[in-house]
Number of protein chains: 4
Amino acid sequence: MKKTTLLINCPDRKGIIATVTNFILAKKGNTIYIEQHVDRELKEFFMRLECEFDEDEEKLALFKESFTTHVAENYNMHWEMYNAEKKPRMALFVSKYNHCLYDILGRYASGELKVHIPIIISNHEDLKPIADAFDIPFKYIPVTTDTKRQAETQQIELLKEYKIDFIVLARYMQIISSDFIDQFPYKIINIHRSFLPAFPGTKPYHSAYERGVKIIGATSHYVTSDPEGGPIIEQEIARVSHIHNADDFMLKGRDLEKIVLSRAIKHHLERKLLVYNNKTVVFS
Amino acid sequence: MKKTTLLINCPDRKGIIATVTNFILAKKGNTIYIEQHVDRELKEFFMRLECEFDEDEEKLALFKESFTTHVAENYNMHWEMYNAEKKPRMALFVSKYNHCLYDILGRYASGELKVHIPIIISNHEDLKPIADAFDIPFKYIPVTTDTKRQAETQQIELLKEYKIDFIVLARYMQIISSDFIDQFPYKIINIHRSFLPAFPGTKPYHSAYERGVKIIGATSHYVTSDPEGGPIIEQEIARVSHIHNADDFMLKGRDLEKIVLSRAIKHHLERKLLVYNNKTVVFS
Amino acid sequence: MKKTTLLINCPDRKGIIATVTNFILAKKGNTIYIEQHVDRELKEFFMRLECEFDEDEEKLALFKESFTTHVAENYNMHWEMYNAEKKPRMALFVSKYNHCLYDILGRYASGELKVHIPIIISNHEDLKPIADAFDIPFKYIPVTTDTKRQAETQQIELLKEYKIDFIVLARYMQIISSDFIDQFPYKIINIHRSFLPAFPGTKPYHSAYERGVKIIGATSHYVTSDPEGGPIIEQEIARVSHIHNADDFMLKGRDLEKIVLSRAIKHHLERKLLVYNNKTVVFS
Amino acid sequence: MKKTTLLINCPDRKGIIATVTNFILAKKGNTIYIEQHVDRELKEFFMRLECEFDEDEEKLALFKESFTTHVAENYNMHWEMYNAEKKPRMALFVSKYNHCLYDILGRYASGELKVHIPIIISNHEDLKPIADAFDIPFKYIPVTTDTKRQAETQQIELLKEYKIDFIVLARYMQIISSDFIDQFPYKIINIHRSFLPAFPGTKPYHSAYERGVKIIGATSHYVTSDPEGGPIIEQEIARVSHIHNADDFMLKGRDLEKIVLSRAIKHHLERKLLVYNNKTVVFS
């Protein structure tokens, strides 16, 4: 039995659910879980299905072709189909902060994340010992204003060489260029150290401290060419008070960053994320 | 267009979703929202559908009959169908505490709760002025150990007279008898002042204080013959510390009770609750 | 025994705590609770003391004079002393939304808020029946662009007539002028429908929905001439997801607004708030 | 300048704060932070002071002697004084689960925890590679019913040899004997996988799942001879729903366990914990 995940969105219309589930049934598949959403304002329909087929790869390819012709085109669907048993390949980008890296690698090593991590890329050498301790290749690619374009070329080559499916910026302290981003649409996940849209930019914990907020946050989002403007995947908050200074905010924020980033990675891995209109649908 | 809500549960089997959505389509209905859940351990299937039919009451009755014969019986379904535009009728039971009553009536008066409240029943007269201020009939039925059975008979008569669909115990400080409960299966909602199953029984805030917990809670649940043992609908918590004594716990708890009870009422009103195996499925 | 609350702030220096507690002891007072904070960056010292004196009003006046000369002036203190048994007088300003009003009045009626509410002022007549139900004088003062100055003059006269200590804007939908605010420095509490500084301005729930946030919030703050820029007193959040639209945000937000505003009122009533550098110290 | 932390508790009486702060001032110390609590029911006074002395070790010893005679004995105080600059020595006990171990060592390696970890003790060899990766000695001491007493003797010898100040059971799956516990009163911190007092004992996540709770929790506590009955240090919760099974509870619980345990360790390290009447006072 092959487990597959279907992600579909299309203009909302009568009968989509019946059509899709029938088609799967007709192809001897079993829909074991369905989750659906309709954006009433935009009149857009979203669906995630988990199915089982007792067919081989070849027949699945035929299914796809057939689904495109008989269903997807009729409904003007944007759709994707994933082999639920195949682990995606994730690249980590880091700089000097190690807490998100430790957290992700700890989850990875304990089997919590169903993913391959074939490579860690960094613009600093500081975190190499951690990569070594977890036996993961560490590629040091320094980045300066002058070498940025060249560095990105080198990074993209590595990503291709290692057949990377998606990228996680685990506190990578460099802006990614639009050219780079365009090659990985909604495949780069970043963690921002604030409750967006509050406190975009650098030094968000200091800005939060200056404003005297009583709650701080962290936000994971897909990277688009608009910095801090990409579709939000997950947010979490922590309480602070007058007794905490900007350093305390940062320390508390680290726990938020770890949790919010790891949740985003899991959602992405489990194919629970659909992007539309610069927002995410996060299936449960 | 008639909006209806279908709640279904049955043993899990291949093709249920396709069958149901097809049947609705065939009957000229439109499934506008579907939510589904499968309990893998118990192999039980749960589904909630929001549908629109452009048919009149009579034709809906025919639909029901037809659905029973052609679908429900085949799948051994337990199912219910609700007119989504008809407001249910809710009775409030209260004693002396007024915060939940104020909260519910405030939400009711501001149109937040899509419900009728034809009657408030109490074993004390204290809260009558509040019922009066909100123009809701208040029935005072005192309860003593000796008069309990008789009082319940009187209550049940009132519930029938007022065509009550479900009951909310808004800090009603009396145990309801099994006989009473049996007449309203999963139609009585209670609020318990702790994070169940911690601190069942009376004086939960005092017990929580004695134990030195750092978090307190409140739990709304359907009333069954097992006190505090019924299916949990919703829970919420608040942080406490050594600076709070049992009275502070109680005061903080009031906000929890209000929120947890009002959320349970809303879930019930929106037909989002299915009970199975003494647990609730709470559709979103 | 007279219970009093002292709120002190001054430049940080050695020996302040010892000096103050000794002085109170020497005057036959007993410090029953002390809470202290130091802002290390600004080198400012903050302290809240609860004391008991077995003296009459006249002797307390002498204490104040003596404290000023012997302690406060030496340390360059800003300080205030409150009779902890005297309930402050609070005016409510409302417009058309009733949920915060119901919530505050419910808490007031049940004795949860140790305050007098001698008057409710509104620029609309809609909420008069609620004021009537709770037996509180309701003053209707319409406000248009042309009559604004005149309306504020009328409001201020009422506030003086009713000897109001502080004002709560319980969803009052008018901007208060700087002239008005200057007469009540840090004595006007507002509730804003977002997690400030995110989404200032009008329609914050719609903006939050547009941005696709996963968490919404509410903020209570003292009103200053900078709209939404005053010292934050309290914030709270709630989770949202793609299934919620802007109306759902608003509905969920109402519970946040009620809780955040009532907490701010309680902090203010219990003299737990000190403002410094446009931030609040919130003693526990 | 020597930074020291004083923790004091004694029967509540007039003038304690003034006496203590004066005494410190007289000894040329500066009280830079004070936090105080009074348990009104038990009439017990608690205080934590951070002080600076520009004196050497020898003079501090004299201070202690003098404080005992002139202050502590008069007030019948229980008190402790810590050198705030000296890092305590913590032993980790683990079994097979690695998530808490990874979390603690990640925080340790990144400098977040001001502590020495001279040794990790385990009844299984599984986690040795992690200890190796972080360069911490790993002692494997197998435990069977027959060898338990002997194993504990060996553990205690190690703890003495490594001059251990306190012990953290980071998912150590063995019951510690009363004899062992008596040698480390309020110096052993455990993490329990539920919101105590709900679901004590083994398999708490399964019990929580069976009961159908909507919120799960984790609790860190000092170990006493009453299993799961020791003073609670910290608790945290996470939301669950019908879509989560017992394994999901466990997975979500891991994040709670990590956070709740690390917070307890920090509170202990910063000398913010006082135990009284089987509860903790947790200074902020």
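Residues numbered from 1 in each chain as written. Chains lettered and ligands numbered in written order. Predicted model: local features only at pLDDT ≥ 70, side-chain atom pairs only at ≥ 80, totals over all residues. Heavy atoms only, no water.

Trainee: Whenever I open this one, the interface of chain A and chain C confuses me. Can you help?
Mentor: Where interface size is given, it is often the accessible area lost as the parts come together that is meant. Of the residues lining the interface, 34 residues belong to chain A; the matching set on chain C comes to 34 residues. Area buried by chain A at its contact with chain C is led by A:Arg211, A:Lys214 and A:His242, which between them contribute 24% of it. Two residues, C:Arg239 and A:Glu236, come together in a salt bridge whose shortest N-O distance is 2.9 Å. Applying the counting rule to chain A against chain C returns 24 residue pairs in polar contact (both at pLDDT 80 or more). Mapped by element, the contributors of at least two residues to the side of chain A that touches chain C are strand 2 (29-39), helix 7 (204-211), strand 11 (232-239) and strand 13 (279-282) of chain A. Here the side of chain A that touches chain C takes 7 residues from strand 11 of chain A, the largest share from any one element. Tallied by class, residues from the side of chain A that touches chain C come to 15 nonpolar, 8 polar and 11 charged. (Contact = heavy atoms within 4.5 Å. Buried area = accessible area lost by both parts, 1.4 Å probe. Salt bridge = Lys/Arg side-chain N within 4 Å of Asp/Glu carboxyl O. Polar contact = N/O pair within 3.5 Å; in protein donor to acceptor, adjacent residues only side chain to side chain. Helix = DSSP H or I, 4+ residues; strand = E, 2+ residues; numbered from the N terminus. Nonpolar A, V, L, I, M, F, W, Y, C, P; charged D, E, K, R; others polar.)

Trainee: Would you mind going over unusual backbone geometry with me for this structure?
Mentor: Backbone geometry follows two general trends: most residues other than glycine have a negative phi, and most peptide bonds adopt the trans configuration. For the bond from A:Leu196 to A:Pro197, the omega torsion is 5 degrees, close enough to zero to count as cis. Residue position: A:Pro197 is located in the loop between strand 9 (188-192) and helix 7. Its identity as a non-glycine residue notwithstanding, B:Phe199 has a phi of 55 degrees, on the positive side. With respect to the element layout, B:Phe199 can be found in the loop between strand 9 (188-192) and helix 7 (204-211). The phi dihedral of D:Lys163 is positive, around 50 degrees, even though this residue is not glycine. For D:Lys163, the position within the fold is in the loop between helix 5 (148-161) and strand 8 (166-169).

Trainee: What is the right way to read the relation of the copies chain A and chain C from this model?
Mentor: Both copies of the chain are related by a screw-like operation: a rotation about an axis and a shift along it. When chain A is brought onto chain C, the operation consists of a screw motion whose angular component is 180 degrees and whose axial shift is 0.0 Å, with 0.0 Å RMSD remaining. Accordingly, the operation relating the two chain copies is best matched by a two-fold axis. No C-alpha of chain A lies nearer the rotation axis than that of A:Ala198, which sits 2.3 Å from it. Here 100% of the interface residues in chain A have copies in chain C that are interface residues too; the copies meet face to matching face. (Least-squares fit on C-alpha atoms with pLDDT ≥ 70 in both.)

Trainee: Whenever I open this one, the sheet that holds strand 10 (residues 215-222) of chain D confuses me. Can you help?
Mentor: Strands in a sheet are paired, the pairing made by backbone hydrogen bonds, and the direction either parallel or antiparallel. Residues and elements named next belong to chain D. One open sheet holds the 7 strands; their spatial order is 7-6-5-8-9-10-11, and the pairing between them is mixed. Among the strands making up the open sheet, the edge pair consists of strand 7 (138-140) and strand 11 (232-239). In this sheet, adjacent strand axes meet at a mean angle of 20 degrees when their direction is disregarded. Both strand 10 and strand 11 contribute to a ladder of 7 bridges, which runs antiparallel. Paired with Ile 215 across the two strands is Arg 239, which belongs to strand 11. Relative to the sheet, helix 5 contacts strand 5 (89-94), strand 6 (116-122), strand 7 and strand 8, its axis offset from that of strand 6 by approximately 170 degrees. (Pairing = 2+ DSSP bridges. Axes fitted to C-alpha atoms, helices over the stretch in contact; angles between N-to-C directions.)

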